[in-house]
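Per-entry structural report
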Amino acid sequence: EATDGELRVSVPIPYDGEPILLPYARLEALTRACTGEQLEIDSEDGQATIRAGGGRWRLPTVNHSEWPEAAEVQPVPVARIPGDQLRRALDAVLDAADSESSRYALAGVRLEVEDGVVHVVATDGRRLHLCEVEIDQAVDDCQLLIPVRAAGLIATLCRQTDDEVQLERSGDELRATWGESGLWLRCRQLAGNY
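Presented here is a report on the structure given in the accompanying data block. Since this is a predicted model, take the numbers as computed values, not measurements. (Residues numbered from 1 in each chain as written. Predicted model: local features only at pLDDT ≥ 70, side-chain atom pairs only at ≥ 80, totals over all residues. Heavy atoms only, no water.)

Observations regarding a negative patch on the surface
Here is the rule: Surface patches are drawn from residues lacking salt bridges whose relative accessible area is over 30%; two like charges belong together within 9 Å, two nonpolar side chains (Val, Leu, Ile, Met, Phe, Trp, Tyr) within 5 Å. Accessible areas in this description were obtained via Shrake-Rupley with a 1.4 Å probe; residue shielding takes into account the shown protein chains only. Any Lys or Arg side-chain nitrogen located within 4 Å of an Asp or Glu carboxyl oxygen qualifies as a salt bridge. By the counting rule applied here, Lys and Arg register as positive and Asp and Glu as negative, while His and the ends of each chain are not counted. By convention, the point assigned to a charge is CZ for Arg, NZ for Lys, CD for Glu and CG for Asp. A run of H or I in DSSP becomes a helix once it reaches four residues, and a run of E becomes a strand once it reaches two; helices and strands are each numbered from the N terminus.
A cluster of acidic residues, Glu 114, Asp 115, Asp 140 and Asp 141, forms a negative patch at the surface. Mapping Asp 141 onto the fold places it in the loop between β9 (128-134) and β10 (142-147).

As for the pairing of β9
Defined as follows: One requirement defines pairing of two strands: DSSP has to find at least two bridges between them.
Relative to β9, strand β8 (residues 117-123) runs antiparallel, the two being bridged by seven bridges. By the bridge assignment for β9, Val 120 is matched with Cys 131. Between β8 and β9, which pair antiparallel in sequence order, lie four residues; one of them, Gly 125, sits at a positive phi of approximately 95 degrees.

Some details on a nonpolar patch on the surface
A cluster of nonpolar side chains, Val 11, Ile 13 and Tyr 15, forms an exposed patch at the surface whose accessible area comes to about 300 Å². Tracing the sequence through the fold places Tyr 15 in the loop between β2 (7-10) and α1 (24-33).

A short note on helix α3 (residues 148-160)
So the rule is basically this: Expected span, for any helix, means 1.5 Å times one less than how many residues it has. Relative accessibility thresholds used throughout: buried, under 20% of the residue-type maximum; exposed, over 50%; partly exposed, between the two (1.4 Å probe, protein chains only). In this description, the arc belongs to the directions extending from the helix axis to the C-beta atoms.
Spanning 13 residues, α3 covers 19 Å between terminal C-alpha atoms, matching the ideal 18 Å at 1.5 Å per step. Within α3 the residues assigned to the buried category are Ala 150, Ala 151, Ile 154, Ala 155, Leu 157 and Cys 158. Down the axis of α3, the buried set is contained in an arc of 165 degrees. They therefore lie on one face. Opposite the buried face of α3, at more than 90 degrees from it, the exposed residues are Arg 149 and Gln 160.

Focus on the environment of Arg 149
Note the cut-off: Here, residues are in contact when the closest pair of their heavy atoms is within 4.5 Å. In protein, a polar contact means a hydrogen-donor-capable atom and an acceptor-capable atom, both N or O and within 3.5 Å, with residues adjacent in sequence counting only if both atoms are side-chain atoms; elsewhere, any N or O pair within 3.5 Å suffices.
For Arg 149, the location among the structural elements is in helix α3. C-alpha separation for the pair Arg 149 and Val 109, spaced 40 residues apart in sequence, amounts to 9.4 Å. Excluding residues within four positions of it along the chain, Arg 149 makes contact with Asp 4 and Leu 7. Side chain to side chain, Arg 149 and Asp 4 meet in a polar contact 2.2 Å long.

Focus: the sheet that holds strand β12 (residues 173-178)
Spatially, six strands are ordered β1-β2-β13-β12-β11-β6 in an open sheet, and the strand pairing comes out antiparallel. Two strands in the sheet have a free side with no partner beyond their single neighbour: β1 (2-3) and β6 (76-82). Summarising the sheet, strand β11 (residues 164-170) and β12 pair through six bridges and their orientation is antiparallel. Across the sheet, residue Val 165 finds its bridge partner in β12, namely Trp 178.

As structure tokens, then:
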């Protein structure tokens, strides 16, 4: 599981040890440099030993009790969308979003559910990209505004699995869950007029 306070992602992996907290930047650099297909992590005395592809590295660990717990709010279903369709819709609009504007809401992707259609929209104030995905699940109409970075990560995760994506609202957050895989993402919604 990883978080930056705005975005939280959980990917299930086989692990039977005690929880450990590792520095993300160093772990990411290590995994990018690894040539093996399997990564082994062992923890002992405040250090994690990582083995992969014949290499061995040591990283300091942090007390896992410092991990920020996420408040659980009863989620409200929004839509169930095939992952490949959601990925195509997000890819089609992402380049129209404006992450450098002083208009905070334009740094997001809007998801509107209306009459069994999910409208995926992004704009920078000069151009607007819209993509529609039809769904057969009866849900309440709603509008969500998620950060561009979260939308891009959802598209990336949709490339990794063929599962359907269940979108849910949970307070001021959006939760995306991929089938029965246990993979999920939570992000805060942006505030402001779109």
